[in-house]
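Read off the chains here:
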Amino acid sequence: MDKSVKYLIIGNSAGGIGAAEAIRQVDSQGSLAIVSDEPYPAYSRPMISDYLAGKCTLEKMLFRPAGFYESNNIITLFDSPVQRLDVSGRIAQLRSGEQISWEKLLLATGGSPIVPRIKGKRSKGIFTFTTLDDARKIDQYLKNNQVSEVVVIGGGLIGVSAAEALVKRGLKVTIVEMKDRILNVMLDSEASALEAGALTRAGVNIRTGRTVEEVNSYAGETVASVTLDNSGVIPCEMVIVAIGVRPRAELAAGAGIQVDRGIVVDRRMATSIPEVYACGDVAEAYDFVYRQRRLTPIWPNAYQGGMVAGANMAGKPAEYQGGTAMNSLKYFGLDILSAGMPDAVDGCEAISGAGDGYYHKVVLRDGVVVGMIFAGNIEKAGIVYSLMRKGVRVERFKQALVAADFGLASLPGEIWRPRLERPAVGVVSAVTAVEAPEEFEGAD
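Residues numbered from 1 in each chain as written. Predicted model: local features only at pLDDT ≥ 70, side-chain atom pairs only at ≥ 80, totals over all residues. Heavy atoms only, no water.

Visitor: Please set out the overall build of the protein residue by residue, giving values where relevant.
Guide: When you go through the protein residue by residue, the secondary structure sums to 12 helices and 25 strands. In terms of C-alpha radius of gyration, the protein reaches 22 Å, essentially the compact-globule figure of 22 Å for 444 residues. On the principal axes, the C-alpha backbone points of the protein span a range of 70 × 60 × 40 Å. Put simply, the protein has 444 residues, and 57% of those count as buried. In the protein, once contacts between residues fewer than 6 apart in sequence are set aside, the share between residues at least 24 apart is 64%. For the protein, the exposed area adds up to about 18300 Å²; of that, 46% sits on carbon and sulfur atoms. Positive and negative charge centroids in the protein, built from 48 and 51 side chains respectively, lie 2 Å apart. (Helix = DSSP H or I, 4+ residues; strand = E, 2+ residues; numbered from the N terminus. Rg over C-alpha atoms; globule rule 2.2 N^0.38 Å. Buried < 20%, exposed > 50% of the residue type's maximum accessible area, 1.4 Å probe, protein only. Contact = heavy atoms within 4.5 Å. Areas by Shrake-Rupley, 256 points an atom, 1.4 Å probe, with all protein chains shown as cover. Lys, Arg positive; Asp, Glu negative; His and termini not counted. Charge placed at Lys NZ, Arg CZ, Asp CG, Glu CD.)

Here's what the structure looks like:
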């Protein structure tokens, strides 16, 4: 049956939920539908590694409590991929053949995993790792097959999270990373080495500077090993492809909406087409560190962008203040948090401090924090992030930011009293809740 709604949201993760909540704050009655190609209520995608490790259920992964959609009078069409958009007629065509017409549209379509051209990639036992269904398929394969060794292609956050889950399942894991170090997008060389050490101590074999050329299989069917670009062979019965994601912008591009690396949006999260908005992993939005549009697909950015889009859709003017790359992880027992620029570029200054059990680094531009990495002891990282977010000039006390005993008392009183005492708590909570890197698709 065809439908007509005032608000249509395509995508059911952080961005879509943020938009729905903002719409309902302004307009409690306008018809609102959320369409998703997944069959589940909104869940935390960064938690799929916990699901695969057997540490949580879908119920514990839910982003909003049961009854959220009903209590907010939201029509849901799950497991209903959108095939095509007609922006002139304001119609979305579903794979089922059903059509939905809208007055206001939000695209929160997220990202899709990049699968490189590898010989033998159609062998049984090869998986991606970006959705709950991916984790469920891997789990089922492990239960139904004799698997003892796994190769993870990609040493970014997705690959490291998959590796930890598999180690917890008792498997021997090898990570193959084409760059010279793991987590190279979010960390500098020092922090990357710390994480590599934690992985190695847990039994993970890390092969950097290498790519997988071919997946070899038994009788052309199930995975038996991989061949590297240097002709080295690694035995395995499973392969996880985790080299990154790309924005799912095909719908937008096919409809004539402006797309660069992602869907181009302004500070209202509006696209090039009137009454069409975008947010989350698929949107190329303002980054306050780089002072330009960038892809910054992490959970808080997606949710905030969705809130801004939803408010504007419902007629309440709002402006996105900008996000930036912000990542937090605790894999193999090591806490690491990074935000903004991981390394100093032209015109920037890097300051670091290290000691027993910690590594702290800040990157400054014109006396303002534009990047940070805290490893080991990250308890006070939220304070530094607040300084970065607020654009506070820190020249007078910059060395204190990377000290082992850094805290609010390290700052001049005129800064922390009015600006940081209360906000810092929320910032710490928001920062440390993030588990999605710039390359991660999990925000939507």
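Visitor: Describe in detail the side chain of E284, supporting the description with residues and values.
Guide: Mapped onto the secondary structure, E284 falls in strand β19 (residues 283–287). Residue classification places E284 among the buried residues on the basis of a relative accessible area of 5%. Engagement of the side chain of E284 in a polar contact is seen with the backbone nitrogen of R261, the distance being 2.9 Å. (Polar contact = N/O pair within 3.5 Å; in protein donor to acceptor, adjacent residues only side chain to side chain.)

Visitor: I'd like to hear about the sheet that holds strand β12 (residues 212–218), residue by residue, with values.
Guide: The strand order β12-β13-β14 describes an open sheet built from 3 strands, whose pairing is antiparallel. The open sheet has two edge strands, β12 and β14 (233–235), and neither has a second partner. Put simply, the sheet's adjacent strands are angled 30° from each other on average, direction ignored. Bridge count for strand β13 (residues 222–228) against β14 is 3 bridges, and the pairing is antiparallel. Within β14, the residue paired with T227 across the bridge is V233. (Pairing = 2+ DSSP bridges. Axes fitted to C-alpha atoms, helices over the stretch in contact; angles between N-to-C directions.)

Visitor: Any details on the environment of E395? Residues and values, ideally.
Guide: Here E395 is to be found in the loop between α10 (381–390) and α11 (413–419). At 2.7 Å, the side chain of E395 and the side chain of R393 are in polar contact.

Visitor: Any details on the nonpolar core? Residues and values, ideally.
Guide: The tendency in soluble globular proteins is for nonpolar side chains to be buried as a group. If you look at the biggest cluster of nonpolar residues, it comprises 55 residues, and the most contacted ones within it are L8, L85, L106, L107, I257 and I263. Among residues more than four places away in sequence, those in contact with I257 are V87, L107, A252, I263, T271, S272, I273 and V276. Formed by 50 residues, the second largest nonpolar core is a distinct cluster that contains L183, M186, A196 and L329. (Core = buried A, V, L, I, M, F, W, Y, C linked by side-chain atoms within 4.5 Å.)

Visitor: So what's going on with the packing of aromatic side chains? Residues and values would help.
Guide: All told, the structure shown has 6 aromatic pairs when counted by the stated rule. Judged by centre distance (5.2 Å) and plane angle (80°), the ring pair of F68 and Y69 falls under edge-to-face. What links up through ring pairs into an aromatic cluster is the set F63, W299 and Y303. The ring of Y286 carries the charged tip of R267 above its face, separated from the ring centre by 4.1 Å. (Phe/Tyr/Trp six-rings, centres within 6.5 Å; stacked < 30°, edge-to-face > 60°. Lys NZ or Arg CZ within 6 Å of the ring centre and 35° of its normal.)

Visitor: Please set out unusual backbone geometry residue by residue, giving values where relevant.
Guide: In this model, M269 sits at a positive phi of 65°, which is unusual for a non-glycine residue. Inspection of the secondary structure assignment puts M269 in the loop between β17 (263–264) and β18 (276–278). Not every positive phi belongs to a glycine, and R291 is a case in point at roughly 60°. You can see R291 is positioned in the loop between β19 and β20 (292–294). With a relative accessible area of 52%, R291 lands in the exposed category.

Visitor: Please give an account of the pattern of salt bridges that cites residues and values.
Guide: Inspection of the entire model under this criterion finds 18 salt bridges. R293 serves as the salt-bridge partner of E284, at 3.6 Å between the closest nitrogen and oxygen. In this structure, D343 and K361 form a salt bridge, with 3.0 Å as the shortest nitrogen-oxygen distance. Pair noted here: D343 is in the loop between β22 (334–340) and β23 (348–355) and K361 is in strand β24 (residues 358–365), with a separation of 18 residues, a long-range link. For D343, a relative accessible area of 32% corresponds to the partly exposed category. We classify K361 as buried; its relative accessible area is 7%. In this structure, a network of salt bridges that share partners links the residues D139, K143 and R169. (Salt bridge = Lys/Arg side-chain N within 4 Å of Asp/Glu carboxyl O.)

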